[in-house]
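Structural description and commentary
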Amino acid sequence: MESVFSIEFKEALSNKDFSLLTRRLLDACKEHEVPMDLQQKIILMRKKYLSFLDGVSDSISRDEAEDLIKQLNIDSRTIKSGLFPNQPVLTAAGITKQFIKGKTPFKLHELSLELIHGEITGVVGENGNGKTTLLNLLAGNLSVSSGEILYPNLSQNNHDYYSIKQQIAFIPQRIDKWYGTLMENLQFFCAIHNIKGEQNEQEIEYILCRLGLEKFKDLSWNEISSGYRLRFELAKMLLWRPQLLILDEPLANLDINAQQLLLQDLKFFVRSKVHPLSIILSSQNLHELERIADNIVFIRQGKTVFNGKQNQFGRENLLQHFEISGNFSLKELQVAFPGTKIEDTGTTYIVSVNKETKWFEILSKLNQHNLELNYYRNITNSTRQLFHKDI
């Protein structure tokens, strides 16, 4: 039977997407039984591609990529055995957190959720509304004021916090400074997770290539950008393969290309059959997050406004909501859409119409009134409509 990887290899080749191809070839090495000499060939191909990006080498040829895929010859029979697929990693029941000190006391109100292997959960909402507090509670960095957090499959004893914490990786928005080179830190991090000797070297070489960090391995904190510091933190965590990965605003310091690459990688990592993983992350990049998230938690002023499957949001809406912008004013829109609710968000407008309205009818109306459009998105099933001005 043809594997998922084989299908992805073909699609990447047809699009000449060697970034995707080399990353997924490396991922296949962790999912399937692949001889070490072949793994080394794949690593060398990835290094060649990264060197090409830096203008050092020629690009990978289609022929050599096809030859390597043929040698790999993976199918569903060669997959390694895995643990706990689609099982809960964490369950939170009615948790709250009350901060009573300071000038502005804050409370994260009662919230329940379940984090599952193979799923990504996105936490969204305005700044200062409790997203980071929630993530720190789930990571065990803060104690709950009430309610309970359980970690099924992480430990037989829910009070064995050392064992549980050993399987949870947390990357904060503000990453602490580290000392020494990137390579030295990875070696140390492997060692304290009992990855030593030849395996230490092999795992580090793999993760450096997989995350495109090879050329930075001898650099220090001050010599790499904030975006690559994040990828370094991710590399550290993935070396010891936690079951739960918690990320606080990981997209904040990344450019648009790096954001897309990271989100794509997170989707790949969470889909692993051999090393099951659940990911929960917060982000202000709402549309990008909704594209990869299986579940969404929206928090406003400490209260949960929505908590459920991303594809279920907005199902009960009686109206459709379209976010648009262009060379027109609110007054001109009101003329084009008489009697229609139009919200001015400051940079865009949200036009709310009945469910029978087709998406192209909005465009037709704009065209009839010679209103030039430069942005258009149907947000009926997006939590974007929960964000409001002056809240």
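Please refer to the structure higher up on the page.
What this report covers is the structure whose coordinates are included nearby. Residue indices follow the written sequence of each chain, beginning from 1 at its first position. Reporting of local features is limited, given that this is a predicted model, to residues whose pLDDT is at least 70; pairs of side-chain atoms are given and counted only at 80 or more, and all residues count toward the totals for whole chains, interfaces and linings. Only hydrogens and water are removed before side-chain values are computed, so all heavy atoms of the structure are retained for them.

**A look at the overall build of the protein**
Definition in use: Only DSSP runs of H or I covering at least 4 residues are called helices, and only runs of E covering at least 2 are called strands; the numbering of each starts at the N terminus. Radius of gyration here uses only the C-alpha atoms, and the compact-globule reference equals 2.2 Å multiplied by the residue count raised to the power 0.38. For this analysis, residues touch if any pair of their heavy atoms sits within 4.5 Å. The Shrake-Rupley method, run with a 1.4 Å probe, gives the accessible areas here. Residue values count only the displayed protein chains as cover. Positive: Lys, Arg. Negative: Asp, Glu. His and the chain ends are not part of the count. The location of each charge is read from NZ of Lys, CZ of Arg, CG of Asp or CD of Glu.
When you go through the protein residue by residue, the secondary structure sums to 13 helices and 13 strands. Against the globule reference of 21 Å for 391 residues, the protein gives a C-alpha radius of gyration of 24 Å, in line with a compact fold. Each of the three principal axes of the protein carries a C-alpha extent, and together these read 70 × 55 × 45 Å. Within the protein, contacts between residues at least 6 apart in sequence are counted, and of these 74% link residues at least 24 apart. When the accessible surface of the protein is summed, it comes to about 19900 Å², and 49% of that surface belongs to carbon and sulfur atoms. Computing the positive centroid from 45 side-chain charges and the negative centroid from 47, the protein places the two 4 Å apart.

**Considerations on the pairing of strand β2 (residues 106–116)**
Where we set the bar: Strand pairing is defined by DSSP finding a minimum of two bridges between the two strands.
Pairing geometry for strand β1 (residues 88–99) and β2, over 8 bridges, is antiparallel. Looking at the pairing, alanine 92 lines up with leucine 113 of β2. Counting the residues that bridge the hairpin from β1 to β2 gives 6 residues, and of these glycine 102 lies at a positive phi of roughly 90°.

**Section: the pattern of salt bridges**
Between side chains of opposite charge, pairing is possible as soon as their charged atoms come close. In plain terms, the rule: We define a salt bridge as a side-chain nitrogen of Lys or Arg found within 4 Å of a carboxyl oxygen belonging to Asp or Glu. Whether a residue is buried, partly exposed or exposed follows from its accessible area with a 1.4 Å probe, protein chains only, as a fraction of its type maximum: under 20%, in between, or over 50%, in that order.
Tallying each qualifying case throughout the model produces 17 salt bridges. When the shortest N-O distance is used, the salt bridge between lysine 236 and glutamate 233 registers 3.5 Å. Here lysine 236 pairs with glutamate 233, and both are found in helix α9 (residues 226–239), just 3 residues apart, close to one helical turn. Residue classification places glutamate 233 among the buried residues on the basis of a relative accessible area of 7%. Taken together, the salt bridges that share partners define one network made up of Glu8, Arg23, Arg24, Asp27, Arg210, Arg231, Asp265 and Arg271.

**Some thoughts on the environment of isoleucine 168**
Mapped onto the secondary structure, isoleucine 168 falls in strand β5 (residues 168–171). By relative accessible area, which is 8% here, isoleucine 168 ends up buried. Not counting residues up to four positions away in its chain, the partners in contact with isoleucine 168 are Leu138, Ala139, Tyr151, Leu154, Trp240, Pro242, Leu244 and Ile246.

**A short note on the side chain of threonine 380**
Formally: What qualifies as a polar contact is a pair of N or O atoms within 3.5 Å, subject to a donor-acceptor requirement within protein and to the restriction that residues adjacent in sequence count only when both atoms come from side chains.
Along the polypeptide, threonine 380 turns up in the segment after β13 (372–378). A distance of 2.6 Å separates a polar atom in the side chain of threonine 380 from a polar atom in the side chain of asparagine 378. Leave out the neighbours within four places in its chain, and threonine 380 touches Phe313, Gly314, Asn317, Leu319, Gln320, His321 and Gln385.

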